[in-house]
Each structure stands twice: as C-alpha cells, then as structure tokens.
Amino acid sequence: MIWDTRNSTYTFTAQEFPILEKQNWLIHLHYIRKDYEACKAVIKEQLQETQGLCEYAIYVQALIFRLEGNIQESLELFQTCAVLSPQCADNLKQVARSLFLLGKHKAAIEVYNEAAKLNQTDWEICHNLGVCYIYLKQFKKAQEQLHNALHLNRHDLTYIMLGKIHLLEGDLDKAIEIYKKAVEFSPENTELLTTLGLLYLQLGIYQKAFEHLGNALTYDPTNYKAILAAGSMMQTHGDFDVALTKYRVVACAVPESPPLWNNIGMCFFGKKKYVAAISCLKRANYLAPFDWKILYNLGLVHLTMQQYASAFHFLSAAINFQPKMGELYMLLAVALTNLEDPENAKRAYAEAIRLDKCNPLVNLNYAVLLYNQGEKQGALAQYQEMEKKVHLLQDSSSLEFDAEMVDMAQKLGAALQVGEALVWTKPVKDTKSKHRTTSTSKAASLQQPLGSNQALGQAMSSAAAYGKLPSGAGGTSHLTKPPSLPLEPQPTVEAHPNEASAQIREK
C-alpha cells in the first residue's frame, strides 16, 4: 500500500491482491495441447497460490483425472467446483457425468435434474437424462427426455439413442421411422445410413437396404459395418465369391471380428468347402465363445460332414445359450439318432415341437424316426401334424423347399398308407429363417442336411463411438471450461453374424 501525496489517497499494488485466474490461460493452453503433465504442474502452482480456490484449475484437474481413469477423484473435484460456484450448470453436469461413469445412474439423474433447474434450454441435460433412464430400463421416461432434447436442438446422437430404445422394445417399425428422420436431418452420417440399411435388411426389404448401405459406402468406402452387411446380403442370395471379396476388405479393417469369420465360414459352407468352413467357424468361436449362432453353424457343418459327435457337442453348447429355439433341438435329435440314441432323440424332438409351433420339418423328421422305430401310430400323428402346418404356411410364402425333402414326405405318406398326393406342393415358409433353401451333398447316413448355406442375421450397428473431448474455446482474455459431452452407452456388438438355416430329413 503506497500513499499518493498528490491525491492524498492510498494506492494498492498488484502483489497485495493475488489474481485467482492469472494462470488460467497457461492451464488452458497445456490442456488443449494434451500436455497433461505440464498442465498438472501449473495447476498445482496455481492452487498453492490461491489456497485451493481457483475453480478453473480444479475443473481442468478433474477432467485430466477422468481421462486417466480416476473417476472417483474427478467426481470429488467436480463437487468442489459445484461448491465454489453453485449456480453453474456446467459443474453439475460434470458431477452427473462422473456419477454416470461410476454406474450410479439414479444419483446422476438427480444431479442432472438440479442442473436443469439452472439451465432449462440445455439439450445435453435432456439427452443425458434419457441415456440414464435407458440404463434403468425406464424407456418411457427416456423417450420423453430424448424428445425434449430434439425439441431444443437436433443432434445425430439423440436420434441414435431414441432409435436404440425402440430396438430394445422390439419395435422395428418405430426404430426405422426415427432413423429415417435422422437421415433426413444428417444425410451424410454413415452411422445412421448403415443402421437404417441393416434394419431394412433384417426385415427383408433388400432394395432399400442396398440403397442405404450403398450411400454409406459412398461417403465412407472403408465402413466395415456397411461392407459386412452388403456381403451378408450377397451371401444370402448365393453370391459367395462376391461376398468373400467384400469380406476380404473387412478383414483388413477388423481382422478379429467374430461375425466376419462366421460369415466367411458359411460362404465356404455354401461352396461345399467344409474343412475351410469349420476352420473359419472355429476361429469365430475362439473370438466369441458364447455366441450361439456360431455354435449353431458349427453343429450344422459337422452334421453335413457326418461328424455326429462333434455336431452334438456344438449343438448342446448352442442350446445352453439359446434354450428356446426349437430348431436347435431338432438338429440335436438328428445327431442323437445317428449316435444310436433314439430315446434321447425322441425327447429332443418333443422339446422342438413344444418350442416351435410352425416348422413342419420338425414333425417330418420326428415322423421318420418313429416310423424307423416301428411306431407307426406315432409317425402318422406327426405326419398329420406336419400337414396341418403346411396348410397354414403354404399360402403366405415365396420360398421353395428342396425337391428331395418333398419326395421324402411323399414316400413317408405312402409308407403310412395316407397316399402319395402330398399337400406340400407350394412354397412354404420356414419361420426361423427367411431364406432360399438349397440342397447339400447327399450323405449315406440316416440324416442329411438339406438347409441353406447361410441365413441373414440381424446385423445392428453399435451406438456412436465415443467422441473426443473438446479442447475448449476462448481466447487469451476469456477462457471457457471444456464442455461436458452427451452421454453414450457402451458400444454393443459391431454386427451380428449370419445364422445358418438348416432343414434336416431322415431317410
């Protein structure tokens, strides 16, 4: 403090009043350059000078802790920022984000609601509330919050999360409507185009699927999800060589992808290169040991090669992960029949019939087994049940069954003295997979796979990838805190594998 004789007043020097934010510009500079060690050193010096009262230094320190994986420490520092500046919504948003990353979704919702009271026009708060409600499986509240976010400000990620809710609820039509609006808003977003194409692919609307996947590849020729889906579509229509060419491109981008190796394996299966098919499928199984579709396909290929013990092994494993799929029990029954265990085969057929009320192949196979065991009355009952299912399905399908299968049904009808005029003369739909059936090589065993070489799975793209933390904004005179980010759930599977469709008959 200095006495000014001219004005008869005291003047105060800068040293007597430390400026809390005097090194904020340097902290900001180191942070946006990702020089975190230097940044932490300046933060430490700043906090020592200000006795821990510099809010910006604490805020950036918390961001660095979060980037380093120290979520609990970042939470505590953000809470300190909220105490220092209780009317700042950004501080509360960061507290809520740390709670979300710690899995404390209810607590995160409470903090976001407090932040919403301070800023009612922030779309991120509504979006993040919606994501938290998704994790709590409160889908109605999640939809409400996400719609509020879109009303405040339209963003691709909000559309993706809203579509994800409809997918979790199993409503594909609403999901498609949401993604169509999203594509209209952001027509060059390859994530949205790929997802919409995959949804159309799942519904069998191949023209629109091809259109959207093609647009995605136009904007991003290396988009492996779109390439994988396009290859899957070609594989479904029997273009195995073209599909393999597509998969070769995907292998360069994601060489450790289980769906990729599963699809490659089923392409080789379609080309009747069974050893190569098993090799690729086992690699897929190594990468994803709990994927029932891969186990299913391995069981089918081993059945085709008459390796029934191996088929039993993989089909049993698939049933453990998918216990409510009747077709798996049918294939297991075929393997058991060839392993000379008819009693357990009958139990497997009974379970298959209980679970699958539409597939006539189950009843046909069971009827053949019962006839071979001398149980003609039981075989006749299963044959009649098969005819009922055929009558229900034959008018609503465009698929053609294998001629050998129809011939087997006619021979069985003749043996059971119900005539050779089989009602199964029109195309019938296999409800487990909507794919064109083709015949495999003949086997000298009791059963022979007649199923298609592949089937189109429900390939859904994952949620948007995690975005990079913005580097912050502002100049030397006004620094702003790096903003919080919209919450995103952990990515799901990159794409589901193709599932082989099998139709088995017994001689």
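Residues numbered from 1 in each chain as written. Predicted model: local features only at pLDDT ≥ 70, side-chain atom pairs only at ≥ 80, totals over all residues. Heavy atoms only, no water.

Some points on the overall build of the protein
Put simply, the rule is: Helix and strand labels come from DSSP, where a helix needs a run of H or I of at least four residues and a strand needs a run of E of at least two; each type is numbered from the N terminus. Between buried and exposed lies partly exposed: a residue is buried under 20% and exposed over 50% of the maximum accessible area for its type, with that area taken using a 1.4 Å probe on protein chains only. Between two residues, a contact is recorded if the distance between any of their heavy atoms is within 4.5 Å. In this description, accessible areas are obtained by the Shrake-Rupley approach with a 1.4 Å probe, and a residue is regarded as covered only by the protein chains that are shown.
The helix and strand inventory of the protein stands at 23 helices and 4 strands. When each of the 507 residues of the protein is scored for burial, the buried share is 52%. Contacts spanning at least 24 positions in sequence make up 61% of the contacts within the protein whose residues lie at least 6 apart. As presented, the protein carries roughly 23,800 Å² of accessible surface, and 53% of it is formed by carbon and sulfur atoms.

With respect to the pattern of salt bridges
Formally: Here a salt bridge means any side-chain nitrogen of Lys or Arg lying within 4 Å of a carboxyl oxygen belonging to Asp or Glu.
Per the stated rule, a full pass over the model turns up 13 salt bridges. In this structure, the salt-bridge partner of Lys225 is Glu191, at a minimum N-O distance of 3.6 Å. Placement of the pair is Lys225 in helix α13 (residues 224-236) and Glu191 in helix α11 (residues 190-202), with a sequence separation of 34 residues. Judged by relative accessible area, which is 10%, Lys225 ranks as buried. One continuous salt-bridge network, built from bridges that share partners, spans Asp90, Lys93, Asp122 and Glu124.

A word on the environment of Thr245
Tracing the backbone shows Thr245 in helix α14 (residues 240-253). Through-space distance from the C-alpha of Thr245 to that of Gly231 is 8.1 Å; in sequence the pair is 14 residues apart.

Details of the side chain of Glu327
Operational definition: Any pair of nitrogen or oxygen atoms within 3.5 Å is treated as a polar contact; in protein, a donor-acceptor pairing is required on top of that, and neighbouring residues in sequence qualify only through side-chain atoms on both sides.
On the secondary structure map, Glu327 appears in helix α19 (residues 326-338). Side-chain polar atoms of Glu327 contact the side chain of Tyr296, separated by 2.3 Å.

Re helix α16 (residues 274-287)
In plain terms, the rule: Expected span, for any helix, means 1.5 Å times one less than how many residues it has.
An ideal rise of 1.5 Å per residue puts 20 Å on 14 residues; α16 measures up with 20 Å between its terminal C-alpha atoms. Looking only at α16, the buried set comprises Tyr274, Ala277, Ile278, Cys280, Leu281, Ala284 and Asn285. Tucked inside the fold, the buried residues of α16 contact α15 (258-270) and α17 (292-304).

So, the side chain of Asn363
Take Asn363: it is sitting in helix α21 (residues 360-372). Among the polar contacts listed, one links the side chain of Asn363 to the side chain of Gln382, at a separation of 2.9 Å. Among all residues touching Asn363, those that are not within four sequence positions of it are Ile353, Gln382, Glu385, Met386 and Lys389.

Some words on the packing of aromatic side chains
The condition is simple: Paired rings are identified among Phe, Tyr and Trp, the last through its six-membered ring, by centres lying within 6.5 Å, and are further divided according to the angle between planes into stacked (under 30 degrees), edge-to-face (over 60) and tilted (the rest).
Following the criterion strictly, the structure yields 8 aromatic pairs and no others. Between Tyr159 and Phe185, the aromatic rings sit 6.1 Å apart at their centres with planes inclined by 40°, giving tilted as the arrangement. Pair noted here: Tyr159 is in helix α9 (residues 156-168) and Phe185 is in helix α10 (residues 172-185), with a separation of 26 residues, a long-range link. On the basis of relative accessibility, which here comes to 33%, the residue Phe185 falls in the partly exposed class.

Details of helix α12 (residues 206-219)
Applied cut-off: Of all possible arcs, the one meant is that of the directions from the helix axis to the C-beta atoms.
Relative to the 20 Å expected for 14 residues at 1.5 Å per residue, α12 spans 20 Å between its end C-alpha atoms, a close match to the ideal helical length. Within the sequence span of α12, burial applies to Ala209, His212, Leu213, Ala216 and Leu217. The buried side chains of α12 occupy one side of the element, clustering within an arc of 140° when seen end-on. Along α12, exposed side chains directed more than 90 degrees from the buried face belong to Gln207, Phe210 and Thr218. Elements in contact with the buried residues of α12: α11 and α13.

Things to note about the UniProt feature "repeat: TPR" (unreviewed entry) in the protein
Cut-off, in case you're wondering: UniProt positions are given in the numbering used here, feature names are shortened, and annotations may be inferred rather than shown by experiment.
UniProt's feature table lists "repeat: TPR" (unreviewed entry) at residues 156-189, 190-223 and 292-325, given in the numbering used throughout. Helix makes up 79% of residues 190-223 and strand 0%, whereas the separation of the span's terminal C-alpha atoms amounts to 8 Å. The span residues 292-325 carries 79% helix and 0% strand; its end-to-end C-alpha distance comes to 11 Å.

Considering the packing of helix α2 (residues 36-50) against helix α3 (residues 55-67)
The test is simple: In this description, a line fitted to the C-alpha atoms serves as the axis of each element, helices being fitted only across the stretch in contact, and the angle between N-to-C directions of two axes falls anywhere from 0 to 180 degrees. It is the rotation of the near helix from the far one that decides the hand of a crossing: anticlockwise by less than a right angle makes it left-handed, clockwise makes it right-handed. Residues are grouped as follows: Ala, Val, Leu, Ile, Met, Phe, Trp, Tyr, Cys and Pro are nonpolar; Asp, Glu, Lys and Arg are charged; every other residue, Gly included, is polar.
Relative to each other, α2 and α3 sit at 145°, their axes nearing to 10 Å. The element α2 and its partner α3 pack so that their crossing is left-handed. Packed against α2, whose contacting residues are Tyr36, Cys39, Lys40, Ile43, Gln46 and Leu47, the element α3 presents Ala57, Ile58, Val60, Gln61, Ile64 and Leu67 at the interface. Its residues assigned to classes, the contact of α2 with α3 shows 9 nonpolar, 2 polar and 1 charged.

A short note on the packing of α17 against helix α18 (residues 308-321)
Packed helix pairs are characterised by how far apart their axes lie and by the angle those axes make with each other. Basically, it comes down to this: Each angle gets one of four labels, with under 35 degrees taken as roughly parallel, over 145 as roughly antiparallel, 65 to 115 as roughly perpendicular, and the rest as oblique.
Interaxial distance between α17 and α18 falls to 8 Å at its minimum, and their mutual angle equals 160°. Viewed along their axes, α17 and α18 adopt a mutual orientation that is roughly antiparallel. With respect to the hand of their crossing, α17 and α18 are arranged in left-handed fashion. Contacts between α17 and α18 involve Trp292, Leu295, Tyr296, Leu298, Gly299, His302 and Leu303 from the former and Tyr308, Ser310, Ala311, Phe314, Leu315, Ala317, Ala318 and Phe321 from the latter. Of the residues that constitute the contact of α17 with α18, the class distribution is 12 nonpolar, 3 polar and no charged.

Digging into the nonpolar core
The criterion, for reference: Grouping buried Ala, Val, Leu, Ile, Met, Phe, Trp, Tyr and Cys residues that are joined through side-chain atoms within 4.5 Å yields what is termed a nonpolar core. What fixes the domain bounds is an automatic or database domain assignment.
Core analysis: the largest hydrophobic core is formed by 134 residues, its most contacted members being Ile27, Val60, Tyr247, Ile264, Leu303, Leu328 and Tyr349. Lining this core are residues from two domains, each supplying at least three of them: domain 1 (18-102) and domain 2 (364-418). Not counting residues up to four positions away in its chain, the partners in contact with Ile27 are Cys39, Val42, Ile43, Gln46, Tyr56, Ala57 and Val60.

Re unusual backbone geometry
One non-glycine residue, Lys272, adopts positive backbone phi at about 65°. Tracing the backbone shows Lys272 in the loop between α15 and α16. The residue Gln306 is not glycine, and still its phi comes out positive at about 65°. Among the structural elements, Gln306 can be located in the loop between α17 and α18. Under the relative-accessibility criterion, Gln306 is labelled partly exposed at 36%.

Some thoughts on the environment of Gln138
By secondary structure assignment, the location of Gln138 is in the loop between α7 (123-135) and α8 (139-152). With 27 residues separating them along the chain, Gln138 and Ile165 place their C-alpha atoms 9.8 Å apart.

What about the confidence of the model for the protein?
Rules: Predictor confidence is given residue by residue as pLDDT, running from a minimum of 0 to a maximum of 100.
Confidence along the protein averages 79 in pLDDT terms, with 77% of residues attaining 70 or more. Averaged pLDDT values for the elements of the protein fall to 29 in strand β3 (residues 447-449) and rise to 95 in α16. Contacts from residues 420-478, a stretch scored under 50 in pLDDT, to residues over four places away or in other chains number 225 contacts. Low pLDDT (under 50) marks residues 489-497, which in the prediction has 40 contacts with non-local residues, meaning those over four places away or in another chain.

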